[in-house]
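Observations on the model geometry
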Amino acid sequence: MAGKKIRVNKENSKVLSGKLFITMLKALQVSKSKVLAALIEYDNNLVYPGIGKLVEYSGPYIRVTK
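In this report, the structure presented in the accompanying data block is examined. (Residues numbered from 1 in each chain as written. Predicted model: local features only at pLDDT ≥ 70, side-chain atom pairs only at ≥ 80, totals over all residues. Heavy atoms only, no water.)

1. Considerations on the pairing of strand E3 (residues 19–23)
Filter applied, for reference: Using a 1.4 Å probe on the protein chains alone, a residue whose accessible area is under 20% of its type maximum counts as buried, one over 50% counts as exposed, and one in between counts as partly exposed. Helix and strand assignments follow DSSP, with helices taken as H or I runs no shorter than four residues and strands as E runs no shorter than two, numbered in order from the N terminus. Pairing between two strands is assigned when DSSP locates at least 2 bridges connecting them.
In terms of residue burial, E3 counts as a mostly covered element, since 4 of its 5 residues are buried. In the sheet, strand E2 (residues 13–16) pairs with E3 via 4 bridges, with the strands oriented antiparallel. Across the sheet, residue Leu16 finds its bridge partner in E3, namely Lys19. The antiparallel pairing of E2 with E3 creates a hairpin that spans 2 residues between the two strands, and Ser17 there sits at a positive phi of about 55°. With 4 bridges joining them, E3 and strand E5 (residues 52–57) adopt antiparallel strand pairing. Along E5, the bridge assignment pairs Phe21 with Glu56.

2. Description of the sheet that holds E3
Our working definition: In this description, a line fitted to the C-alpha atoms serves as the axis of each element, helices being fitted only across the stretch in contact, and the angle between N-to-C directions of two axes falls anywhere from 0 to 180 degrees.
The strand order E2-E3-E5-E4 describes an open sheet built from 4 strands, whose pairing is antiparallel. Whereas interior strands pair on both sides, the edge strands pair on one side only; in this sheet they are E2 and strand E4 (40–48). Going across the sheet, the axis of each strand differs from the next one's by a mean of 35°, ignoring polarity.

3. Things to note about the nonpolar core
Formally: In plain words, nonpolar cores are sets of buried Ala, Val, Leu, Ile, Met, Phe, Trp, Tyr and Cys residues tied together by side-chain atoms within 4.5 Å. Contacts between residues were defined by any pair of non-hydrogen atoms, one from each residue, lying within 4.5 Å.
Ranked by size, the top nonpolar core spans 11 residues in total: Ile6, Val8, Leu20, Ile22, Ala27, Val30, Leu36, Leu39, Ile40, Val55 and Tyr57. Of all the elements in the fold, those that place two or more residues in this core are strand E1 (6–8), E3, helix H1 (24–30) and E5. With residues up to four places along the chain from it excluded, the contact list for Ile40 reads Ala27, Val30, Ser31, Val55, Glu56 and Tyr57.

Structure (structure tokens):
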């Protein structure tokens, strides 16, 4: 997994209490990689107003601005 980081922005993710939560759409895109799919924790999820259901992602990521 050397160097594999997902790119997230404020529309598809939120950082809460130091943990990254990504939208279900972003999780679907990330899950195409078996290595990265293992880093998605579907059991740890929340519903954020204006965004929808988010799931925890515990791997490396890059925060980008649009």
